[in-house]
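Observations on the model geometry
Chain residues, written in single-letter form:
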Amino acid sequence: MCSIAGFYDPSANFRARQGEFEHILRQMGSAQAHRGPDDSGIFLTGQCGLSHTRLSVIDLENGHQPMSASLDGYGYHIVYNGELYNADPLRKALSERGVVPKTSSDTEVILLSYLAFGPEFVQQLDGIFSFAIFDGRHKILSLYRDSFGVKPLFYTVYKGTLVFSSEIKGLFCFPGVTARLDKNSLNELFGLGPARTPGSGVLAGIQELKPGTCITCSSLGFVPHTYYQLTSRPHEDSYEETIEKTRFLVTDAIKRQMVSDVPICTFLSGGIDSSLVSAVCAKELEHKGQKLTTYSFDFTGNDKYFKANSFQPSMDRPYVSKMAAFLQSDHHYLECGSRTQAEKLYESVDAHDLPCMADVDASLLYFCGEVSKNHKVVLTGECADEVFGGYPWFHKEHFLNCNTFPWTPDLSFRKQLLNPELLDILDMDTYVKHAYETAIGEIAILADENETEVSRRRIGYLNIRFFMQTLLNRMDRTSMHSGLEARVPFADRALVDYVFNIPWEMKAKGGIVKNVLRQAARTLLPDEILFRKKSPYPKTYNPHYEGLLKEQLKEVLSQPSCPLLPLINQPAVAQFLEQPKDYGSPWYGQLMAGPQMIAYLLQTEYFLRKYHVAVTL
């Protein structure tokens, strides 16, 4: 994985001030060097500048970027962040056209495919990516992002110049681009956050290229084009055929995503998702005479303080131990202490350039940093719940009928902590309702679906379009902050396309949550793991952690210059800090309850202060 950045203006002549703009490109790269610490490079022409930093995973010797190729005497240039899982079939297709790549680099395959097959070639790509290609003949810049947005790409337009970057921080390296919040921004932060509307960069004027989308930039303007979207269609396979095909699609996705010229590892929680990924990887490595390395995460003192609830019914550790023994993996138990977790809240904002999933992000940031000391590539079980229907809101009637985002069914807890005058301006309920109705309007409903089936299809779509994107953002930023490449086999396009249309009577046959995945994984996992009740990513229940957060927020709010003060209801926040916290009543997802609201406010304050964010309503 890597970082990309650059700028484009069809009417400019950047070479007239070459030194100045080359310096900007280097700064954009330096700001994101954590994503690619192994190499860096820049390219500047009259209308376009490209910057790249590289994490070497494939073709360690020949993958330097920006990479260039020529056709009819004209230059074409690319910066690419991602991993291509079907590079070999594409090389074969190129050779049939008489085009022979000079390296084994994914980057060259993508650039040559663009030249050989035209801009629509992106539909042939199987992988996770964001990339930019500058066509030197026609002076056109094209930006692309993968089908589900595994890899990020932000952009803004400043005085006619398009500026783009893997992370928001790279945009701020371009003179004149600054951080500002408007009414929509605050609704994103406090109404939808830590989720985001697809395409929103939260900050005013900053957007993120939507998943499955490309933008063509020329003297005629900027034209977006959707090359991939989920579609509704009747499911025609029998139950037995569905299980067999799902098993193939899952195991095939895992095997394809093991491609690497450096050793891989997996995250292992003892649940079905990460265990299945680890089991397939372990078997493939065993054929090569290699042993899989696995990592699990927990919090210091959780054996003493853990509190079971409907969202988190059991601890992971006993299941991790059983699964590690079953795999005979080289397993490492990692733990995070309360103080480390509290301190990482701020570094987590550094990684995202935005407030995020509080300690859920902060702890994963710490764990990824530890894993990166020994590995560059990890496969994870992320996204299986969104794809196969593992969350409570797929199953419980009050979620199915809530007519809003099911992971945020009630905004009242958020709203009571905000300045009443600000709430009047934001009209948060209307903003969230519009975001919800716009999203569910994007997916077609089948003629024979009843009301319950329609609700489940819409919730399935919302999970992939919104909730899964939040978790993919978390995985990318927390891993790449330490130069660790995280892969997500359950976000494979062929797999998601297929499973999205499997009817619920199969997905949850017999009342079994994620039944299709469990049946597809039979013989690959022990039954105790296969039918374990879902338990999400762990969080700490140590009261010392909550105490640390309270004291930090009190200290922050005691400062007259605190940028959070105008946005909050200070008496309500003070009262909230003195109340006992309910760990089993989330205000977002399954994990973000009372303590995580304190952490989210701390992250928001740090974000406002670090980026000198102006608020204009």
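For the structure, check the block above.
First, a word on what this report is: a plain description of the structure on this page. (Residues numbered from 1 in each chain as written. Predicted model: local features only at pLDDT ≥ 70, side-chain atom pairs only at ≥ 80, totals over all residues. Heavy atoms only, no water.)

1. Considerations on the overall build of the protein
- From N to C terminus, the protein includes 24 helices and 19 strands.
- Taken over C-alpha atoms, the radius of gyration comes to 24 Å for the protein, in line with the 25 Å a tight globule of 617 residues would show.
- Counting the 617 residues in the protein, one finds 64% classified as buried.
- Sequence separation of at least 24 residues holds for 74% of the intrachain contacts in the protein that already meet a minimum separation of 6.
- Of the roughly 23,400 Å² of accessible surface on the protein, 49% is carried by carbon and sulfur atoms.
- Side-chain charges in the protein split into 61 positive and 71 negative, and the spacing between the mean points of these groups amounts to 1 Å. (Helix = DSSP H or I, 4+ residues; strand = E, 2+ residues; numbered from the N terminus. Rg over C-alpha atoms; globule rule 2.2 N^0.38 Å. Buried < 20%, exposed > 50% of the residue type's maximum accessible area, 1.4 Å probe, protein only. Contact = heavy atoms within 4.5 Å. Areas by Shrake-Rupley, 256 points an atom, 1.4 Å probe, with all protein chains shown as cover. Lys, Arg positive; Asp, Glu negative; His and termini not counted. Charge placed at Lys NZ, Arg CZ, Asp CG, Glu CD.)

2. Focus: the nonpolar core
- Counting 108 residues, the largest nonpolar core has F7, L181, F267, F297, F405 and F607 as the members making the most contacts within it.
- Element by element, the count of residues in this core is highest for helix α24 (residues 594-610), at nine residues.
- In this structure F297 touches F267, L334, L364, F367, V371, Y537 and P538, once residues within four positions along its chain are discounted.
- Counting 78 residues, the second largest nonpolar core, distinct from the first, contains F148, L285, M468 and A491. (Core = buried A, V, L, I, M, F, W, Y, C linked by side-chain atoms within 4.5 Å.)

3. Side note on the sheet that holds strand β2 (residues 39-44)
- If you trace the six strands from one edge of the open sheet to the other, you get β2-β3-β1-β9-β8-β11, paired in antiparallel fashion. Two strands in the sheet have a free side with no partner beyond their single neighbour: β2 and β11 (207-208).
- Direction of pairing for β2 relative to strand β3 (residues 48-54): antiparallel, over a ladder of six bridges. Bridge pairing links D39 to R54 in β3. (Pairing = 2+ DSSP bridges.)

4. Remarks on helix α3 (residues 106-117)
- Look at α3: 16 Å from first C-alpha to last across 12 residues, which is about the 16 Å you get at 1.5 Å a residue.
- Buried within α3 are the following residues: D106, T107, E108, V109, I110, L111, L112, S113 and Y114.
- Looking at the buried positions of α3, the neighbouring elements they touch are β4 (67-71), β5 (74-84), α2 (87-96), β6 (127-135) and β7 (140-145).
- Sitting at the amino-terminal end of α3 is S105, which places a side-chain oxygen 3.1 Å from the backbone nitrogen of T107.
- Of the residues trailing α3, G118 is marked for its positive phi of about 90°. (Expected span 1.5 Å × (residues − 1). Polar contact = N/O pair within 3.5 Å; in protein donor to acceptor, adjacent residues only side chain to side chain.)

5. Observations concerning the sheet that holds β6
- Taking strand neighbours across the sheet as the criterion, the six strands line up as β4-β5-β6-β7-β12-β13 in an open arrangement whose pairing is antiparallel. Of all the strands in the sheet, the pair left with one neighbour each is β4 and β13 (221-226). Shown here is a sheet whose adjacent strand axes are inclined to one another by a mean of 20°, direction ignored.
- Bridge count for β5 against β6 is nine bridges, and the pairing is antiparallel. Each residue of the ladder has a partner; that of G82, found in β6, is F129. (Axes fitted to C-alpha atoms, helices over the stretch in contact; angles between N-to-C directions.)

6. Considering the side chain of S363
- Following the sequence through the fold, S363 ends up in helix α11 (residues 358-371).
- Engagement of the side chain of S363 in a polar contact is seen with the backbone oxygen of D359, the distance being 2.8 Å.
- Apart from residues lying up to four places away in sequence, S363 is in contact with F299, Q341 and Y537.

7. A few points about the packing of aromatic side chains
- The full count for this structure, using the stated rule, is 33 aromatic pairs.
- Relative to F174, the ring of F7 has its centre 5.5 Å away and its plane inclined at 55°; by these criteria the two rings are tilted. Here F7 is found in strand β1 (residues 2-8), whereas its partner F174 is found in the loop between α4 (168-171) and β10 (180-181), with 167 residues between them in sequence.
- Given a relative accessible area of 0%, F7 falls into the buried group.
- On the basis of relative accessible area, F174 is assigned to the buried category, the value being 7%.
- These aromatic residues form a ring-pair network of at least three members: Y391, W393, F399, F405, W407, Y436, F466, F467 and Y588.
- The cationic tip of R317 hangs over the ring face of Y333; the distance from NZ or CZ to the ring centre is 3.7 Å.
- The ring of Y239 carries the charged tip of K509 above its face, separated from the ring centre by 3.9 Å. (Phe/Tyr/Trp six-rings, centres within 6.5 Å; stacked < 30°, edge-to-face > 60°. Lys NZ or Arg CZ within 6 Å of the ring centre and 35° of its normal.)

8. Focus on the pattern of salt bridges
- Applying the stated rule across the entire model yields 35 salt bridges.
- E382 is paired through a salt bridge with R474; the nearest N and O atoms lie 3.0 Å apart. Of the two residues, E382 sits in the loop between β17 (377-379) and α12 (384-388) while R474 sits in helix α17 (residues 451-480), which places them 92 residues apart along the sequence. Both residues of the pair, E382 and R474, belong to the buried class.
- Residues joined by salt bridges that share partners form a network here, namely R35, R145, K151, E167, K169, R196, E208, D353, D476 and R477. (Salt bridge = Lys/Arg side-chain N within 4 Å of Asp/Glu carboxyl O.)

9. Things to note about unusual backbone geometry
- Here the bond from Q65 into P66 is cis, since omega is 0°, no more than 30 degrees from zero.
- Of the consecutive residues G193 and P194, the connecting peptide bond is found in the cis state with omega at 5°.
- Topologically, P194 is positioned in the loop between α5 (183-192) and β11.
- Look at K139: it is not a glycine, yet its phi comes out positive at around 55°.
- By the element assignment, K139 lies in the loop between β6 and β7.

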